[in-house]
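Descriptive analysis of the structure
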Amino acid sequence: MTLLPEEVFEMRRYGLVLLSLLVAALLVAPAGAFTADSLDIAVDESGDAEVRFDYSFSWIEQIAVFFKITAPEQELKSALESYSGKPVTIVAVKSGYSVFDVREFAHIRENGTSRVYTLPALDFTAAEKKLKEYWFAPLIEADFSPAVTTVRFPDGYEEKVFDQSAIPSLSHEITA
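Residues numbered from 1 in each chain as written. Predicted model: local features only at pLDDT ≥ 70, side-chain atom pairs only at ≥ 80, totals over all residues. Heavy atoms only, no water.

1. Structural notes on the overall build of the protein
In terms of helices and strands, the protein carries 4 helices and 12 strands. Across the protein, the fraction of contacts at a sequence separation of at least 24, relative to all contacts at a separation of at least 6, is 56%. Of the roughly 10700 Å² that the protein leaves accessible, carbon and sulfur atoms contribute 59%. (Helix = DSSP H or I, 4+ residues; strand = E, 2+ residues; numbered from the N terminus. Contact = heavy atoms within 4.5 Å. Areas by Shrake-Rupley, 256 points an atom, 1.4 Å probe, with all protein chains shown as cover.)

Next up, the structure:
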């Protein structure tokens, strides 16, 4: 079956119309978003910590991560290392969360019959600045303030901080 020139022209025209509609839909689509859902820090008796960061991606970030344009776990690892001053190991990276191991995350001070655990302050605004360097930055809104940050100390005591991109230094005393 051979197509007539008019039929080929008509098919191309429909293809261009469909492509134009797709581009227009992408241009008017709502901005994507990166949302920090939760940050969970579990400190053990030696001061080491397991840190789990849960986050949500829009379709734009999912594409960027898929193509390795950005790696959120690397940005979070860098933030943890800069504030703790300790090497950070990435334990797991899954869709929507990353888990890290930080040796000697908490500073421990002996105080007679008790131990005082002090965690460094954390500030995720640097990660937001880093995100603005990517080509897709104008298309997204980023919220690096975890909805809830939970810090668990070895005795089971928990501190919670809500909607803060800068987490203050926290201390807790455990009596022997």
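2. Brief notes about the packing of aromatic side chains
Under the criterion given, the structure shown has 2 aromatic pairs. Each ring, one from Phe53 and one from Tyr55, has its centre 5.8 Å from the other, and the planes form 40 degrees; the classification is tilted. We classify Phe53 as buried; its relative accessible area is 1%. Directly above the ring of Tyr97 sits Arg52, whose terminal nitrogen or CZ lies 3.7 Å from the centroid. (Phe/Tyr/Trp six-rings, centres within 6.5 Å; stacked < 30°, edge-to-face > 60°. Buried < 20%, exposed > 50% of the residue type's maximum accessible area, 1.4 Å probe, protein only. Lys NZ or Arg CZ within 6 Å of the ring centre and 35° of its normal.)

3. Things to note about the sheet that holds strand S5 (residues 107–111)
Read across the open sheet, the 3 strands follow the order S5-S6-S12; overall the sheet is antiparallel. Whereas interior strands pair on both sides, the edge strands pair on one side only; in this sheet they are S5 and strand S12 (170–175). Geometrically, the sheet is characterised by an average inter-axis angle of 20 degrees between neighbouring strands, direction not taken into account. Pairing analysis gives 5 bridges linking S5 to strand S6 (residues 114–119), with the strands arranged antiparallel. Paired with His107 across the two strands is Thr118, which belongs to S6. (Pairing = 2+ DSSP bridges. Axes fitted to C-alpha atoms, helices over the stretch in contact; angles between N-to-C directions.)

4. A look at the pairing of strand S4 (residues 97–102)
By the criterion of burial, S4 is predominantly enclosed, with 5 of the 6 residues buried. Of the pairings in the sheet, the one linking strand S2 (residues 49–56) to S4 comprises 6 bridges and is antiparallel in character. Bridge pairing in S4 places Arg52 opposite Val99. When strand S3 (residues 88–94) meets S4, the two strands line up antiparallel, connected through 6 bridges. Each residue of the ladder has a partner; that of Val93, found in S4, is Ser98. Between S3 and S4, which follow one another and run antiparallel, lie 2 residues, and Gly96 among them has a positive phi close to 100 degrees.

5. Notes on the confidence of the model for the protein
Of the residues in the protein, 64% reach a pLDDT of 70 or more, and the chain-wide mean stands at 78. The weakest mean pLDDT in the protein belongs to helix H2 (residues 59–66) at 50; the strongest belongs to strand S9 (residues 148–152) at 96. Here residues 64–69 scores under 50 on pLDDT; set against residues more than four positions off or in separate chains, the count is 9 contacts. (pLDDT = per-residue confidence, 0-100.)

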